[in-house]
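Now for the letters of each chain:
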There are 2 protein chains.
Amino acid sequence: MTAGRLEPRVERIKDDIIAFSAFVSPGEPPYTRLSFSPEDLQARAYVCRLMEGARLAVRTDAGGNIIGRREGACALPPLMVGSHLDTVRGGGRFDGVAGVVAAIEAARRYDEQHIRLDHPLEVVVFPAEEPSPFGLSTIGSRAMAGKLWPEHLALTDGTGRSLDAAMRSAGADPDRLPEAVRSPGDVAAFLELHIEQGPHLACAGVPVGVVTGIVGIWRGRIEIVGQPDHTGTTPMGRRRDALAAGSEAVLALEAVCSGAGDIVGTVGRVELFPNALNVVPGKMLLGMEMRGTDTACVEAAAADFTDRLDRIRDSRKIDIAFDFSMSSTPVRFPDEVVSLLREAAISLGIPYAQLHSGAGHDANHLAGIAPAAMIFLPSKDGRSHCSDEWTEWADIAAGTEVLAAAIQALDRRLT
Amino acid sequence: MTAGRLEPRVERIKDDIIAFSAFVSPGEPPYTRLSFSPEDLQARAYVCRLMEGARLAVRTDAGGNIIGRREGACALPPLMVGSHLDTVRGGGRFDGVAGVVAAIEAARRYDEQHIRLDHPLEVVVFPAEEPSPFGLSTIGSRAMAGKLWPEHLALTDGTGRSLDAAMRSAGADPDRLPEAVRSPGDVAAFLELHIEQGPHLACAGVPVGVVTGIVGIWRGRIEIVGQPDHTGTTPMGRRRDALAAGSEAVLALEAVCSGAGDIVGTVGRVELFPNALNVVPGKMLLGMEMRGTDTACVEAAAADFTDRLDRIRDSRKIDIAFDFSMSSTPVRFPDEVVSLLREAAISLGIPYAQLHSGAGHDANHLAGIAPAAMIFLPSKDGRSHCSDEWTEWADIAAGTEVLAAAIQALDRRLT
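Definitions and cut-offs
Residues numbered from 1 in each chain as written. Chains lettered and ligands numbered in written order. Predicted model: local features only at pLDDT ≥ 70, side-chain atom pairs only at ≥ 80, totals over all residues. Heavy atoms only, no water. Core = buried A, V, L, I, M, F, W, Y, C linked by side-chain atoms within 4.5 Å. Buried < 20%, exposed > 50% of the residue type's maximum accessible area, 1.4 Å probe, protein only. Helix = DSSP H or I, 4+ residues; strand = E, 2+ residues; numbered from the N terminus. Contact = heavy atoms within 4.5 Å. Pairing = 2+ DSSP bridges. Axes fitted to C-alpha atoms, helices over the stretch in contact; angles between N-to-C directions. Buried area = accessible area lost by both parts, 1.4 Å probe. Salt bridge = Lys/Arg side-chain N within 4 Å of Asp/Glu carboxyl O. Nonpolar A, V, L, I, M, F, W, Y, C, P; charged D, E, K, R; others polar. Phe/Tyr/Trp six-rings, centres within 6.5 Å; stacked < 30°, edge-to-face > 60°. Lys NZ or Arg CZ within 6 Å of the ring centre and 35° of its normal.

(A) Examining the nonpolar core more closely. All names here are of chain B. Counting residues in each nonpolar core, the largest one holds 84 residues, and the members touching the most others are Ile 17, Phe 20, Tyr 110, Leu 191, Phe 333 and Ile 407. Of the residues forming this core, the biggest block, 12 residues, is contributed by helix 12 (residues 393–414). Among residues more than four places away in sequence, those in contact with Phe 333 are Val 211, Thr 212, Gly 213, Ile 214, Val 338, Ala 363, Ala 367, Ala 372, Ala 373 and Met 374.

(B) Examining the sheet that holds strand 7 (residues 216–225) of chain B more closely. Residues and elements named next belong to chain B. Taken together, four strands build an open sheet; the order of strands is 9-11-7-12 and the sheet is antiparallel. Sheet topology places strand 9 (263–273) and strand 12 (319–328) at the edges, where each strand pairs with a single neighbour. Strand-to-strand twist of the sheet, defined as the mean angle between neighbouring strand axes without regard to direction, takes the value 15 degrees. Of the strand pairs in this sheet, strand 9 and strand 11 (residues 283–292) are connected by 10 bridges, and their pairing is antiparallel. Note that in strand 11 the partner of Arg 269 across the bridge is Gly 287. Contacts from helix 8 (residues 242–258) reach strand 7, strand 9 and strand 11 within the one sheet, and its direction differs from that of strand 11 by about 5 degrees.

(C) Layout of the interface of chain B and chain A. Across the contact, 56 residues belong to chain B and 56 residues belong to chain A. Between chain B and chain A, roughly 4,600 Å² of surface is buried when both sides are summed, and carbon and sulfur atoms account for 58% of that area. For the chain B face of the interface with chain A, the top three residues by lost area are Thr 233, Met 236 and Leu 277 of chain B, together amounting to 15%. Where Asp 229 of chain B meets Arg 383 of chain A, a salt bridge forms, and the shortest distance between an N and an O atom there is 3.2 Å. Looking at the side of chain B that touches chain A, the elements that each hand over two or more residues are helix 7 (200–204), strand 8 (229–230), helix 8, strand 9, strand 10 (279–280) and strand 11 of chain B. When the residues that make up the side of chain B that touches chain A are grouped by side-chain class, the tally is 23 nonpolar, 20 polar and 13 charged.

(D) Main features of the packing of aromatic side chains. For the structure on display, the rule yields 20 aromatic pairs over all chains. For the pair Phe 94 of chain A and Trp 393 of chain A, a centre-to-centre distance of 5.5 Å together with 45 degrees between the ring planes defines the contact as tilted. You can see Phe 94 of chain A sitting in the loop between strand 3 (79–84) and helix 3 (97–112) and its partner Trp 393 of chain A sitting in helix 12 (residues 393–414), a full 299 residues away along the chain. Judged by centre distance (5.4 Å) and plane angle (35 degrees), the ring pair of Phe 322 of chain B and Phe 324 of chain B falls under tilted. Each residue in the set Phe 20, Phe 23 and Tyr 46 of chain A is aromatic and connected to the rest through ring pairs, giving one cluster. Above the plane of the ring of Phe 273 of chain A lies Lys 283 of chain A, whose end atom (NZ or CZ) is 5.3 Å from the centre.

Right under this line is the structure:
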């Protein structure tokens, strides 16, 4: 395969990624490009021009996915590759964008080197991958997998705008969502390049990660009801302080997940009532999650945590309700796609490490309809979703080369 | 003294207290009458009519204090007695109102029994005793003590209305605040009857509490800065979770104050950043307080708490800043006034207990300008600042009789 090395153009990748960081919302922390914001729509228009420059035929499907297509030699379902352009508030310049630019660069290099694939190639930009103002994430890939429902379209953002209206502003047509759906067999394979957003590759000092799967996500809500009492007149021994009980719950989850191997668990949201200096907290709501690749292992940790909540309830004579359920199934990528990514890295002499993804991605939904896998790139200090998110240009070029080689290998293997 | 028993009319007290519970804000939880709300102004108008019915000469001073005056036989400074009518959001029917009605009933009984005091008697309704929408409490008594400053008048509520404007709506004249100020010597003595808002009297089964003083209040702000990281991709061992550190701080304060005798301490307010399910909490703000009657004891507990914060900072490699200062000095009522209250209860054969107040009151400010003390009444289950706040009518009548007898005793003693 060394004979046909793609040699992605690192300066061009760099210029393209930097170009997107101009489409950010004034008045928000850098680099904010919330889904369906004016800046997101500008970035989507810009990516269409980049795709056209790569001689891709560009369309937007009914779910708002921008698709740049390169025809193949044979009448086969397309190989698909892509990522997203939207960010969280105060996000970074690489999360999503790196995968979009890498996919376009691969298409450009095939074009420049006159490489013909048997399969059509579709470069996809999925809208609204991040948690959107509508309380929903991975909206475009959801639509493609046939999992965007009418009740989703009725969701509204803080301004009262519906997701339906927001999607129309981005060129989607929610009335014709079935036309965006790909069924098993419609897509030959899906690959996504993405920054790791964690510390493993940076710690290991390798430029490329071969991703074996994506963690499942379990979400929970803990409602703690004590008694709101006057802070000055209620002796310590007579209090039923919801915040003190909630504090024990936070530390219990930390202890359970720190001792349970390949699991993480977090209380990320709290609400306190009445949240006043002179009232003993009467009620606390905690929003928590656990993530892991092994359902049995997560369920055992959740049972341990539930036992600890029971002990807090008994010792503090306080009411604790705990709702906990899986919100995203663990995904295991097919061995044949993962090993093909490994082989691509080896054949190019690019060091790699295997790991799973702790974050959800559009690949979650694509894995339900096609053989899929992901390539990760190192995140400096493991940081992401912040303005100092950083991945080295050389690592992006290395990942792009693995991506392009893997597409070619899939093209040969799946014909 | 038994010859001249005042015998307060319990039915009249009950009717008056119930009457005030009609002046509550629609759309708010019962029984809400926030200071300077339309309902508060209605209650203030109503209390003027009650005072006039007790043959008191009614005026509103420049600080918004409603004063009903009964002239005395001699040219002496007045004896003052009173409380407040405003409530917290979702407060009860007795906090404040019980003391206002008891004071009016005492004046009514003197009038009905043709009892002439040497001192003038002033029944006072202080505006805005509770934490007001302007972020300030005890506004009327503050004005009377000469501690309402121009910067206070500029405070605004959530709608942008200034305290200055709110006070004018209640008949105050902020331009002439010096005219409302009473200096030491201007008031012969001050008594306030109030519900206990704690469990001591109800547990002891006595109808009357003789209050020896009011706790000091120390307030603190804890700022914890960790690192906001992705909840899915950041291993447990690499986190600097501000909420986990804050939870340890909450439990540390609880432990310190539970082990430190006559002190209470509470974290009542929290703010979490970014407060999102998929981000490890990066920053937490805690609002806390400690209360106690003995400054040295509180300071020792605060030092213990500071040591524990240092250990949290070191073990979690997290930044913790702690600002802590006294916001209200402990008040010790003069022994001669306290013993006079005790003697009044004994002479009437009414069981009493001595206790201090864990809550602040208008008496805090009055104690700075006059010999002062308070009478407490039992709060059912120790509850207050809630709609099920309850004090038995018979206990209010007993407290009113002690109050009236103590005023007469002060009148004799101070002439």
